[in-house]
Amino acid sequence: MKISLNWLKNYLDLPLDPEKIGDLLTSLGLEVEGMEKIEAGHNGLAGIMVGKVLTCEKHPDADRLSLCTVDIAGAEPLSIVCGAPNVAKGQKVLVATAGANVLGKDGEGFTIKSGKIRGAASEGMICAVDELGLGEDHSGILVLDDQAVVGMPAKEHLGLIEDWIYEIGLTPNRSDATNHIGVARDLYAALVIRHGFTGGINLPNVRNFPSGENTHPVQVFVENVQACPRYSGVSISGIKVGPSPEWLRQALTSIGERSINNVVDATNYILHEMGQPLHAFDLDKIGGQTIRVKTLPDQTPFLCLDEIERKLDPEDLMICDGDSQPMCIGGVFGGLHSGVTGSTTGIFLESAYFDPGFIRRSSTRHNLRTEAARIFEKGADPESTVYILERAAKLICELTGGQIASPVVDIYPNPVAAVRLDVRVSRVRLLTGVDLDLDEIRRVLAALGMPILSHSGDTFSVQVPGNKSDVLREVDVIEEILRVIGYDRVPEPGKMFVSVQTTPKPDPSKLRDKVASMLSARGFHEAMSLSLDQSARYEKFAPEWVGSLVKIHNTSNIHLDSLRADMMPNMLENVLRNKNRQNHNVRLFEFGKTYSRDGESFTENNRLILAMTGKREAESWLNSGREQSDLYTLKTEAESVLQFLRIQGWQERPSEGQGLEPGLVWARGPKEMVRMGAVSGEWLEIMDIDQPVWVADFNWDIVLGFIPGKDQETTSLSRFPEVRRDLALVLDQSVGYKEIEALALKTEKILLKEVNLFDVYTSEEHLGKGKKSCAVSFRFADPERTLTDQEIDAIMDKLITGYETKLGAVIRR
């Protein structure tokens with residue numbers, strides 16, 4: 001949220017410099033995330049002076065140039081070569097003197113220097129509007145009126161005022177500080193309590209508001225008082241829509257708002273001044289001169305201001321005309337055909353209080369996150385609608401020449417009860433740590449506009465103003481007190497208390513970081529996704545999971561209505577996001593949680609997921625980069641994770657479902673550590689991905705349970721040589737390498753250090769149908785002695801016998 005210092009000065013005579021004001025705002029809980037000094041015009045119009053053209057003659061060597069002498073109240077007039085077609089003797093103009101910085105045609109600044117142009121001396125530049133950063137006109141130089149004072153700085157002549165803009169990170173609970181007056185109230189309270197400020201706060205005056213002649217009455221019927229507890233409005237006739245005056249345009253521009261016309265600008269000004277969204281309807285477009293505040297049937301079409309037709313929900317609160325034709329989504333967004341245009345001569349000005357829940361649901365349902373919706377959903381002040389309406393109506397009449405054309409309409413059947421809270425002085429002292437007495441508390445609360453109504457003993461009653469919708473409990477009042485007196489008044493404790501924490505071994509957090517670093521080193525990038533998902537996906541493609549989904553009420557995005565039951569959908573979204581940005585070779589990993597429920601029991605599981613698609617390796621002079629990632633690439637990466645964690649002895653078996661085809665599971669006993677495979681065509685189609693994606697999903701909790709408890713030990717290199725033997729085994733195609741490895745390690749548990757498959761050969765002609773030849777190496781070693789051929793031969797004989805009897809192998813000699 002942007003706050004202008006000049007706006008604040010309209011309400012407070014601030015005794016502090018801009019930096020100290022920023023510090024004070026932050027200490028009040030209105031964190032200043034940045035502050036910027038802004039000056040109208042390029043470079044604050046430094047070095048730009050008012051001058052008078054004394055002489056103007058054509059350049060002898062250039063038809064489009066003029067030789068001018070210009071008086072800027074210096075020792076001597078300046079000689080300036082000017083190329084503007086409209087320069088003439090006697091004009092008052094703005095002159096950039098040597099050293100001043102102005103804008104060129106490309107929008108970049110450049111410094112004026114004395115020199116020669118076509119042989120003629122030029123000591124400055126007569127400026128056009130765009131060269132000064134005051135507009136876009138470059139048709140000629142800017143000619144001033146005759147009253148301009150020669151030698152006066154341009155900034156002073158134009159009445160341009162510098163300003164400071166504070167960027168405030170407003171927290172969702174601060175409904176009272178969504179506007180300049182709300183911020184000014186906080187500053188006033190802090191200045192009174194901390195700096196002894198004796199001034200007052202100047203609020204807009206609406207006394208003597210005209211009653212009007214009732215020439216354009218509009219009837220109002222509120223049919224849904226739950227969604228709209230209060231609705232106020234007034235008619236204004238005889239308006240002339242046009243540009244806003246300079247002060248209003250500057251005020252809006254300073255906080256990043258675009259000037260539209262005097263009526264719309266006035267409503268925007270009041271929004272940022274007082275925190276009340278307003279809406280102006282064209283009187284001639286209100287059917288039957290009647291307003292009906294109601295809901296409409298489901299799927300009713302409504303053409304919005306952005307020219308998009310939206311289908312209404314039965315809960316959307318609509319501002320309709322007498323024929324129940326929708327004109328506006330109440331408190332959210334206007335309609336295309338009911339707003340103010342250049343031909344509008346009369347308006348009905350609306351100032352209402354809408355229920356925050358209705359507004360937020362409609363806003364998120366239609367993805368219309370407007371400024372009005374953001375304020376209403378925080379909670380506006382129901383007691384201020386008429387006051388702010390009269391303030392806005394008077395301003396619009398001043399800007400447009402209009403007149404009040406009806407009495408103020410105010411529909412408020414069930415007034416919102418004022419919040420009254422009991423607070424204990426002892427509780428204030430306990431929670432703040434500051435020894436405050438009732439008199440100081442009374443001063444603080446009075447400065448905040450929260451008067452103490454009564455007190456008895458240790459307890460006092462305070463009335464909460466309607467704009468502080470977050471102050472609902474005793475502790476909220478205490479927080480308000482502490483904000484104003486300052487957190488630096490909280491005394492430091494005399495003792496320090498430290499709690500001893502134990503870290504599990506192995507430390508899951510450190511292991512996670514180590515695995516993340518390892519995967520990054522292998523070419524993976526880490527993804528971080530929301531823990532939310534769309535239940536509609538599971539209903540269509542995994543209906544067996546629907547009953548275990550953890551549903552949530554997400555008003556920010558109604559489509560993300562459940563906690564994720566699987567890591568894969570979010571990961572596929574990340575793959576798609578990369579593909580849409582022309583990155584077709586993707587390697588991603590993510591640590592996260594999945595969620596499920598069984599009746600009233602909820603479960604969280606820690607997961608690690610790997611995803612690969614595209615080329616196996618980047619193209620380079622070492623390789624063609626044509627080979628695509630496949631199941632074996634995925635298995636290599638998944639195995640690297642388990643080997644890094646020193647986990648061994650898993651079994652591999654096929655699996656079905658869960659979005660993978662074909663699917664594999666690595667498990668130890670009944671506990672599945674990893675499931676992996678290619679993402680099914682159905683999931684790729686719903687995610688709009690047109691190339692294979694390979695996924696490995698680790699149950700991280702189970703994986704951590706299999707990590708060896710002992711720390712990894714290092715040993716010195718053996719002084720004795722290793723022995724390698726090779727076998728060529730002809731086996732059925734159904735026999736996997738894991739079976740070959742497991743049998744070898746079971747046969748010789750001490751001397752056999754490594755088994756490796758280094759070649760696979762298939763040929764029906766030489767081996768027979770359904771057969772393959774696996775070339776396997778075996779590495780033997782003993783750290784204490786040199787192995788003999790007889791020992792190795794005996795082990796190899798056992799291996800050969802085992803392979804022949806248990807795997808049906810034939811040894812190729």
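Heads up: the structure comes first, above all this text.
Each value, and the rule that gives it
- Going along each chain's sequence as written, the residues are numbered from 1 onward.
- Given that the model is predicted, a residue must reach a pLDDT of at least 70 before its local features are reported, and side-chain atom pairs must reach 80 or more before they are shown or counted; all residues, however, enter totals for whole chains, interfaces and linings.
- Hydrogens and water molecules were not included; the side-chain quantities draw on all heavy atoms of the structure.
- Note on conventions: DSSP H or I runs of at least 4 residues are helices, E runs of at least 2 residues are strands, and numbering of each starts at the N terminus.
- Radius of gyration here is computed from C-alpha atoms only, and the compact-globule reference equals 2.2 Å multiplied by the residue count raised to the power 0.38.
- Partly exposed describes any residue whose relative accessible area lies between the buried limit of under 20% and the exposed limit of over 50%, with all areas from a 1.4 Å probe on protein chains only and scaled to the type maximum.
- Every accessible area reported is derived by Shrake-Rupley at a probe size of 1.4 Å, with residue values counting cover from the shown protein chains alone.
- Only four residue types enter the charge count, namely Lys and Arg as positive and Asp and Glu as negative; His and the chain termini do not.
- Charged groups are reduced to one reference atom each: NZ for lysine, CZ for arginine, CG for aspartic acid, CD for glutamic acid.
- For each structure, a 1 Å grid was placed over the protein atoms alone; sets of points admitting a 1.4 Å probe that cannot get out are labelled cavities, open sets with protein on both sides within 12 Å along at least five of seven lines are labelled pockets, and lining residues have an atom within 4 Å of a point.
- Grid points are joined across faces, edges and corners, and a volume is the space filled by probe spheres set on the points.
- By the convention adopted, Pro, Cys, Tyr, Trp, Phe, Met, Ile, Leu, Val and Ala count as nonpolar, Lys, Arg, Asp and Glu as charged, and the other residues, Gly among them, as polar.
- Think of it this way: DSSP has to see at least two bridges between two strands before they count as a pair.
- To get an axis, a line is fitted to the C-alpha atoms, and for a helix only the part in contact is used. The angle between two axes follows their N-to-C directions and goes from 0 to 180 degrees.
- Multiplying one less than the number of residues by 1.5 Å gives the expected span of a helix.
- Only residues whose relative accessible area exceeds 30% and that form no salt bridge are eligible for patches; like-charged ones are grouped when within 9 Å, while nonpolar side chains (Val, Leu, Ile, Met, Phe, Trp, Tyr) are grouped when within 5 Å.
- Salt bridges are defined by distance alone: a side-chain nitrogen of Lys or Arg within 4 Å of a carboxyl oxygen of Asp or Glu.
- In what follows, a contact means two residues having at least one pair of non-hydrogen atoms within 4.5 Å.

### Quick notes on the overall build of the protein chain
Counting its secondary structure elements, the protein chain contains 21 helices and 42 strands. Computed over the C-alpha atoms, the radius of gyration of the protein chain is 39 Å, more than 25% above the 28 Å expected from 2.2 N^0.38 for a compact globule of 813 residues. Projecting the C-alpha coordinates of the protein chain onto the three principal axes gives extents of approximately 115 × 90 × 70 Å. Counting across all 813 residues of the protein chain, residues that qualify as buried make up 48%. Approximately 41500 Å² of the protein chain is accessible, and the part contributed by carbon and sulfur atoms is 49%. Seen as two clouds, the 88 positive and the 115 negative side-chain charges of the protein chain have centres 5 Å apart.

### What about the layout of surface pockets?
By volume, the largest pocket is sized at about 1200 Å³. Together, 29 residues line the largest pocket, and Glu639, Trp650, Tyr737, Lys738 and Glu741 are the ones closest to its centre. Of all the secondary-structure elements, those providing two or more residues to the lining of the largest pocket are helix H16 (631-644), strand S35 (651-655), strand S36 (660-668), helix H19 (737-747) and strand S40 (752-761). For the lining of the largest pocket, the residue count by class is 12 nonpolar, 9 polar and 8 charged. As a volume, the second largest pocket reaches approximately 890 Å³. Surrounding the second largest pocket, 36 residues form its lining, Val264, Asn268, Leu278, His279 and Leu305 being those nearest its centre. Residue assignment for the lining of the second largest pocket shows that the elements contributing at least two residues are helix H6 (262-274), strand S16 (278-282), strand S21 (326-329), strand S22 (333-334), strand S23 (346-353) and helix H8 (371-378). It is H6 that contributes the most residues to the lining of the second largest pocket, 6 residues altogether. Grouping the constituent residues of the lining of the second largest pocket by class yields 18 nonpolar, 13 polar and 5 charged.

### Side note on the sheet that holds strand S13 (residues 163-169)
Pairing within the open sheet is antiparallel, and its 3 strands lie in the order S1-S13-S2. Each end of this open sheet is capped by a strand with a single partner; those strands are strand S1 (2-4) and strand S2 (31-38). Taking each pair of neighbouring strands and ignoring which way they run, the sheet shows an average axis angle of 25 degrees. Inspection of the sheet shows S1 paired to S13 by 3 bridges, in the antiparallel sense. Its bridge partner lying in S13, Ile3 is registered against Tyr166.

### Concerning H6
The terminal C-alpha atoms of H6, which comprises 13 residues, lie 18 Å apart, in line with the 18 Å expected from a rise of 1.5 Å per residue. Counted residue by residue, H6 has 12 buried out of 13 residues, so it is predominantly covered. Within H6 the residues assigned to the buried category are Asn262, Val263, Asp265, Ala266, Thr267, Asn268, Tyr269, Ile270, Leu271, His272, Glu273 and Met274. Just downstream of H6, Gly275 is the residue with a positive phi angle, here 75 degrees.

### With respect to a nonpolar patch on the surface
On the surface, a cluster of nonpolar side chains totalling about 260 Å² of accessible area is made up of Leu430, Leu431 and Val475. Topologically, Leu431 is positioned in helix H10 (residues 425-432). With a relative accessible area of 39%, Leu431 lands in the partly exposed category.

### Brief notes about the sheet that holds strand S27 (residues 452-456)
Ordered by their spatial adjacency, 3 strands build an open sheet running S26-S28-S27, and the pairing between neighbours is antiparallel. The open sheet terminates on both sides in strands that have one partner only, identified here as strand S26 (419-424) and S27. Neighbouring strand axes in the sheet, compared pairwise and without regard to direction, differ in orientation by 20 degrees on average. Pairing analysis gives 6 bridges linking S26 to strand S28 (residues 459-464), with the strands arranged antiparallel. When the sheet's bridge partners are listed, Arg424 is paired in S28 with Thr459. Strands S26 and S28 of the sheet are contacted by H10, whose axis makes an angle of about 75 degrees with S26.

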